[in-house]
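# Tertiary structure, described
So you can see what is in the structure, the chains are spelled out below.
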Amino acid sequence: MSLYHLLIQISFSYLGTMTFGLFINMPKKALNASSIIGAAGWMLYWFMFKFGLGSILGNFLAAFLVGLLGIVCSLTKKMPSTMFSTGLVPLVPGASGYQALAAFINHQTDLAISKTVHVMMVAGAIALGYVAAQMVADIIYQRKPKQD
Amino acid sequence: MENKAIDVGVLAGKILVESGSEMWRVEDTTKRIIDHASTNNKTEAFTSLTGLLVNLKDTPYTRFMQVEKRGINMDHINSVNLLSRRYTEDKITLDELEEKLLRLRNAKPQYPLWLQTVGAGFEGAFFMFIFTQTYNWADFPLAFFAGALGYLVTYYISTRLRIRFMSEFLGALTVGLCAVIGVRLHLGDNIQNIIIGAIMPPLPGVPMINAMRDIFEGNLLSGLERMMEALIILSAIAFGVGVVLRYM
């Protein structure tokens, strides 16, 4: 882990999220903020992964951070929080997914199934982290369940 | 007045579903627009990914609108949100709202196609570094090219073909072929890394998250629909890459 690696990780997660915004027609006002959120979430995950805290907890907390920052941005910029969910894009378990697929094709079914389960757990951790952030915001802003 | 409001409300909801918004936002926006026009606030809405059904209680007004095409368009979500808020603050009238919504539906994307393609290419190249944790600049050009070409193929087929999921399959096939042929021609080093990066643009990441949010919000129907759609797209992509890995 050197400064060069750190700079690459920060700038590429930022630029990657920004270029993702280009082809889902992201409003220009939200492009920079959503990219910063993407980079922040990825850096939290990266540090946790580098310090050996595991990928499930890392993904959960990173998605939680992305959700919280998204809510803060949607309140300050008065935009729907959907805009800032693109911050989750760097967390997508692309490499594990590819390894699972490659193992299936090479007839290593045991390895493939364990990789697939890992991908599903990571995806679940990301979703749970993101929803947990919404829950915290609901508690703070006292948004009650719908009643008739 | 109420008859008109229910038309406009369902139109706003339809644009939101077409742009890939979460379901609670669709229901909320539709209800806000209709409730603002009617004095007895009793709107009921049934929403799914394929159609919206809205009814104003104790009146004869009911609307159903079918949703045929779906995608992700963040700018439309933002604009509809902005317009409905300005309408409920009485800054624009119902007629102006309808006119603006209709104009929004036909609006071109704010980024031209070449910029979208370049964006998709760069996304593939940047995320190759992020996902694989390798720092090999030799793969950068090929990952860019594969990502951009894969996006173009997906885009053109999805606009020309009525069958769903074929565009993602052929896009993934293109990405795989680009990576394999490029590496054989010594334009890149690592097939695996290039595919992991360049396959990013067609992956259904945002629909997956929206599906989970829908389910946690209690919109089980649309959540499961979205989840199913995302899983089929994922399988189509896996098939496309798998064919290349198996036979090349």
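Residues numbered from 1 in each chain as written. Chains lettered and ligands numbered in written order. Predicted model: local features only at pLDDT ≥ 70, side-chain atom pairs only at ≥ 80, totals over all residues. Heavy atoms only, no water.

### Topic: the interface of chain B and chain A
This is how it is decided: Every residue pair with non-hydrogen atoms within 4.5 Å of one another is taken to be in contact. Once two parts are joined, some of their accessible surface, as seen by a 1.4 Å probe, is lost; buried area is that loss totalled over both. We count a salt bridge whenever a side-chain nitrogen from Lys or Arg sits within 4 Å of a carboxyl oxygen from Asp or Glu. The definition of a polar contact used here is a pair of N or O atoms within 3.5 Å, where within protein one atom must be able to donate a hydrogen and the other to accept one, and adjacent residues in sequence count solely through side-chain atom pairs. Secondary structure elements are defined from DSSP: runs of H or I of at least 4 residues count as helices, runs of E of at least 2 residues count as strands, and each element is numbered from the N terminus.
In this complex, chain B contributes 49 residues to the contact, which on the side of chain A involves 49 residues. Buried surface at the junction of chain B and chain A, both sides included, amounts to about 4,500 Å², of which 68% is carbon and sulfur. Of all residues in chain B, Met74, Tyr111 and Tyr135 of chain B give up the largest surface area on contact with chain A, accounting jointly for 15% of the area buried on that side. One can count 0 salt bridges joining chain B with chain A. The interface formed by chain B and chain A holds 13 residue pairs in polar contact (both at pLDDT 80 or more) in total. Among the elements that line the side of chain B that touches chain A, the one with the most residues is helix H5 (residues 113-132) of chain B, at 11 residues.

### Comments concerning the pairing of strand S2 (residues 51-56) of chain B
All names here are of chain B. This is how it is decided: Pairs of strands are assigned from DSSP output, requiring at least two bridges between the strands.
As paired strands, strand S1 (residues 43-48) and S2 are joined by 6 bridges and run antiparallel to one another. Among the inter-strand pairings, serine 48 is bridged to a residue of S2, identified as glycine 51. With antiparallel pairing between neighbouring strands as the criterion, S1 and S2 make up a hairpin whose turn holds 2 residues. For S2 and strand S3 (residues 62-66), the ladder comprises 5 bridges, and the chain directions are antiparallel. Bridged to valine 54 within S3 is arginine 63. Hairpin connection of S2 to S3: 5 residues between the antiparallel strands, including aspartate 58 at a positive phi of 60°.

### Remarks on the UniProt feature "transmembrane region" (unreviewed entry) in chain A
Residue and element names in this part refer to chain A. Note the cut-off: UniProt positions are given in the numbering used here, feature names are shortened, and annotations may be inferred rather than shown by experiment.
Look at the UniProt record and you will see "transmembrane region" (unreviewed entry) annotated at residues 6-24, 31-49, 55-75, 87-105 and 117-141. As a span, residues 87-105 carries 63% helix and 0% strand, and end to end its C-alpha atoms are 32 Å apart. With 100% helix and 0% strand, the stretch residues 117-141 has end C-alpha atoms that lie 36 Å from each other.

### Things to note about the side chain of asparagine 193 of chain B
All names here are of chain B. By the secondary structure assignment, asparagine 193 is in helix H8 (residues 191-198). At 3.4 Å, the side chain of asparagine 193 forms a polar contact with the side chain of threonine 134. Discounting chain neighbours no more than four positions away, the residues touching asparagine 193 are Met128, Thr132, Thr134 and Asp139.

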